[in-house]
Amino acid sequence: MAYASTSLDKKTSILTLQKMKQEGQKFVTVALYDAPMAAMAQHSGVEVLLVGDSLGMTVLGFDSTVPVTMEHMIYHVEAVSRGSDKCLIMGDLPFMSYATVDDAMRNASRLMQAGAHMVKLEGGSWCADIVSKLSDRGIPVCAHIGLTPQSVNKFGGFRVQGRDEQGARKLMHDAKVLEKAGADILLLECVPAALAKEITEQMSIPTIGIGAGKDCDAQVLVINDILGLTPQPPKFSKNFLVESKDIPGALGKYVEDVKNAQFPADEHIFN
Ligand code: KIV
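The structure contained in this document is the topic of the report that follows. (Residues numbered from 1 in each chain as written. Predicted model: local features only at pLDDT ≥ 70, side-chain atom pairs only at ≥ 80, totals over all residues. Heavy atoms only, no water.)

Turning to the pattern of salt bridges, a few remarks are in order. Tallied over the entire structure, the rule returns 15 salt bridges. Note that E165 is salt-bridged to R169, the shortest N-O span being 3.2 Å. Here the residue E165 and the residue R169 both occupy positions in helix α8 (residues 165-181), the gap between them amounting to four residues, near one helical turn. Pair check on accessibility: E165 and R169 agree, each one exposed. Three or more residues are tied together by salt bridges with common partners; here these are K238, E243, K253 and D257. (Salt bridge = Lys/Arg side-chain N within 4 Å of Asp/Glu carboxyl O. Helix = DSSP H or I, 4+ residues; strand = E, 2+ residues; numbered from the N terminus. Buried < 20%, exposed > 50% of the residue type's maximum accessible area, 1.4 Å probe, protein only.)

Right, dumping it as structure tokens:
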């Protein structure tokens, strides 16, 4: 493996992440898409690499994640897995690739065979059956709720979710159903900080937040946002390159700030 070099002693597994939650230690996730970035993130102490379908917007130039295909995802999961031998690699199931249990089984297997250790899918309680079948067959699942970008056309834009009481109740319900179905991680995107805190406290599985306050068990940011490559960065993101001299420095600062609960700060949070 040409790129791998690590500051992590051993491989991160879902057991590592569960233990970190139990011990109140935060873990760090970066959404990235290629081997050199994967190697640098591993070297900087990032535990989880998400090969997100955000790649449709960040590297392929689409205006949403809807056009992303399984072939795009497999190509990038393979690249990231060549760059890291210690991080837990999470592969995103793209739009409509898990519309049925059979689709989910077939496409999740393809991501695992490409080098992912876990798959992520977007959706609430409607995907409980899919989560349960994948989990029964030995595929760890991260369930992504809140702002789920594959549903941008249904939401009518990229909007904070769970702001009213009914929306908040639905997110709490979805979280509980997905945990019961066998999800190993819950990812909360763009939800009010107080709600994310409450969900995190009620879950025995770890939560990863993005735009979900500082009380989640972990944080995730997209590499383009960390490096200031996004023309109109979202409120919840931060350009860590501004205060660092190079990319490993920016990744290291992000890791340090998450671990010390310095990131996200108040200006990155939705109330
Ligand atoms: O696709 C992605 O990168 C994601 C993160 C923004 C959470 O889902």
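We are not done yet, so read on.
Along helix α6 (residues 128-136), the residues that are buried comprise A128, I130, V131 and L134. Down the axis of α6, the sector holding all buried residues measures 160 degrees, keeping them to one side. Each element contacted by the buried residues of α6 is listed here: α5 (101-114), β4 (118-122), β5 (141-146) and α8. (Arc of directions from axis to C-beta. Contact = heavy atoms within 4.5 Å.)

On to the site of the ligand, then. If you check the shell around the ligand, you find A31, L50, G52, D53, S54, D92, K120, H144, L187, I210 and V222 and nothing else. Between an oxygen atom of the ligand and a side-chain N or O atom of D53, the distance comes to 3.1 Å. At a separation of 3.2 Å, an oxygen atom of the ligand approaches a polar side-chain atom of D92. When the ligand is considered free in solution it has 250 Å² of accessible area, and contact with the protein chains removes 95% of it. (Near = heavy atom within 4 Å. Polar contact = N/O pair within 3.5 Å; in protein donor to acceptor, adjacent residues only side chain to side chain. Areas by Shrake-Rupley, 256 points an atom, 1.4 Å probe, with all protein chains shown as cover.)

Time to look at the state of the cysteines. Tallied over the full model, the rule gives zero disulfides. The structure places no disulfide on C127, whose sulfur is separated from the nearest cysteine sulfur, that of C142, by 11 Å. For C127, a relative accessible area of 0% corresponds to the buried category. C216 forms no disulfide, and the closest cysteine sulfur to it belongs to C142, at a distance of 11 Å. Residue classification places C216 among the buried residues on the basis of a relative accessible area of 0%. (Disulfide = S-S within 2.5 Å.)

With that settled, the discussion passes to a nonpolar patch on the surface. A cluster of nonpolar side chains, V59, L60 and F62, forms an exposed patch at the surface whose accessible area comes to about 210 Å². Here F62 shows up in the loop between α3 (55-58) and α4 (70-83). (Patch = residues over 30% accessible without salt bridge, like charges linked within 9 Å, V, L, I, M, F, W, Y side chains within 5 Å.)

Of all five residues in β4, five are buried, a share of seventy percent or more. Where strand β3 (residues 88-92) lies against β4, three bridges are found, and the strand directions are parallel. Within β4, the residue paired with M90 across the bridge is M118. Each parallel crossover has a hand, and the one from β3 via α5 to β4 is right-handed. Regarding topology, α6 serves as the crossover connection from β4 to the parallel β5, and that connection is right-handed. (Pairing = 2+ DSSP bridges. Right-handed = clockwise from strand over helix to strand, strands pointing away.)

Attention now moves to the side chain of Q219. Within the secondary structure, Q219 sits in strand β8 (residues 218-222). Once residues lying within four places of it in the same chain are set aside, the contact partners of Q219 are F27, V28, T29, I208, G209, G213, K214, Y254, V258, F263 and P264.

A few words on the sheet that holds β4. Here we have eight strands rolled up into a closed barrel, ordered β1-β2-β3-β4-β5-β6-β7-β8, and parallel in their pairing. The sheet shows a mean angle of 25 degrees between the axes of neighbouring strands, direction not considered. Note: β5 against strand β6 (residues 185-189), five bridges, orientation parallel. When the bridges of β6 are listed, I145 appears paired with L188. (Axes fitted to C-alpha atoms, helices over the stretch in contact; angles between N-to-C directions.)

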